[in-house]
Amino acid sequence: MGSRVHSGRLQSSSVISTPAAIPPNPTGLYAIVDDQRHASPAALVEAAVAAERAGSTWIQLRLKRLCDRDRYEVASRCCERLASRGRNLWIDDCVELAALLPLRGVHLGQQDLPPRAARSLLPGDRLVGRSTHDLRQLAAADADPEVDVVAIGPILPTGSKQSPDPAVGWEVLRDSRHLTTKPLIAIGGLGPRSYAEARGHGADLVASIGALGGGEEFERRCLELVEIERRASWRG
């Protein structure tokens with residue numbers, strides 16, 4: 001069966017593909033599609049497609065305002081629409097969706113389900129990401145065998161969350177690189193002016209939310225950050 005987008009609502013069918021293997025140390029833009037910045041379920045799907053088309057390495061769905069049904073419909077429709085069929089797509093918090101759909105993985109905050117518990121619910125090919133906000137948390141995530149990918153931040157002050165943790169700064173990002181060999185994501189307040197600096201301080205991937213905006217500007221801003229990545233000297 002197919003799926004249709006109608007009046008901002010999604011009518012979704014089953015997704016049958018499974019994620020393909022990806023390189024263990026991905027680099028580039030980690031585009032976050034946030035339901036506070038896109039007006040409808042259909043717009044969220046289009047934003048994910050635009051992020052992939054622009055060249056984002058990974059894409060995360062952050063769907064904190066939607067009901068469970070709409071979260072499922074958005075994630076399912078993304079798996080159908082994306083050329084990767086979901087293997088570059090992450091979900092924030094929702095372990096059940098990462099188990100049900102062929103996503104790359106689930107990203108967990110410090111107050112979410114513990115990684116070990118999440119892992120017990122997931123197929124073996126899913127990845128588990130972990131947010132950290134200081135070097136102690138990062139070292140714990142590095143030592144946790146159930147955590148595949150570690151994020152540190154916010155690096156700079158950010159308005160993408162209502163009550164963000166304090167900004168940790170560039171020195172903590174640099175020290176984080178020395179503390180883990182796992183893929184490292186820098187997040188928080190990062191955009192065109194700070195993207196290269198984040199990569200230069202050791203981040204494998206740079207997550208961006210607010211700098212990407214929403215609506216028609218979203219793809220253009222993704223393209224801008226991907227172009228910075230392509231021009232950067234560390235890519236040779």
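Description of the structure in this document.

## Some thoughts on helix α2 (residues 68–81)
- Taking 1.5 Å per residue as the helical rise, α2 with its 14 residues ought to reach 20 Å, and the 20 Å between its terminal C-alpha atoms agrees with that figure.
- Most of α2 is tucked away: 10 of the 14 residues are buried.
- The complete set of buried residues in α2 reads Asp70, Arg71, Glu73, Val74, Ala75, Ser76, Arg77, Cys78, Cys79 and Glu80.

## Describing the pairing of strand β8 (residues 149–152)
- Side chains Val149 and Ala151 of β8 all project onto a buried face; the interleaved residues Val150 and Ile152 project onto the opposite face, where all are buried too.
- The sheet contact formed by strand β7 (residues 127–132) and β8 spans 4 bridges and is parallel. What sits directly across from Gly129, in β8, is Val149.
- Examined bridge by bridge, β8 and strand β9 (residues 184–186) share 3 bridges and lie parallel to one another. Its bridge partner lying in β9, Ala151 is registered against Ile185.

## Concerning the sheet that holds β9
- The strand order around the closed barrel built from 8 strands is β3-β4-β5-β6-β7-β8-β9-β10, with neighbouring strands paired in parallel fashion. Across this sheet, the average inter-strand angle for adjacent strands is 25°, counted without regard to direction.
- In this structure, strand β3 (residues 28–34) lies alongside strand β10 (residues 205–208), joined through 4 bridges in parallel fashion. Paired with Leu29 across the two strands is Val206, which belongs to β10.
- Those strands touched by helix α1 (residues 41–54) are β3 and β4 (58–62), and its axis lies near 175° from that of β3.
- On the sheet, helix α5 (residues 135–143) packs against β7, β8 and β9 and is oriented at approximately 165° with respect to β7.

## Points about the pattern of salt bridges
- Scanning all chains against the criterion turns up 16 salt bridges.
- Glu80 is paired through a salt bridge with Arg77; the nearest N and O atoms lie 3.6 Å apart. Note that Glu80 and Arg77 are positioned in helix α2 at a spacing of 3 residues, about one turn of the helix.
- Among the salt bridges present, the one from Arg126 reaches Asp125, with a minimum N-O distance of 2.5 Å.
- Classification of Arg126 by relative accessible area gives buried; the value is 6%.
- For Asp125, a relative accessible area of 29% gives the class partly exposed.

## Structural notes on the environment of Pro145
- Here Pro145 lies in the loop between α5 and β8.
- Looking at Pro145, the relative accessible area reads 69%, which means it is exposed.

Criteria and cut-off values
Residues numbered from 1 in each chain as written. Predicted model: local features only at pLDDT ≥ 70, side-chain atom pairs only at ≥ 80, totals over all residues. Heavy atoms only, no water. Helix = DSSP H or I, 4+ residues; strand = E, 2+ residues; numbered from the N terminus. Expected span 1.5 Å × (residues − 1). Buried < 20%, exposed > 50% of the residue type's maximum accessible area, 1.4 Å probe, protein only. Pairing = 2+ DSSP bridges. Axes fitted to C-alpha atoms, helices over the stretch in contact; angles between N-to-C directions. Contact = heavy atoms within 4.5 Å. Salt bridge = Lys/Arg side-chain N within 4 Å of Asp/Glu carboxyl O.

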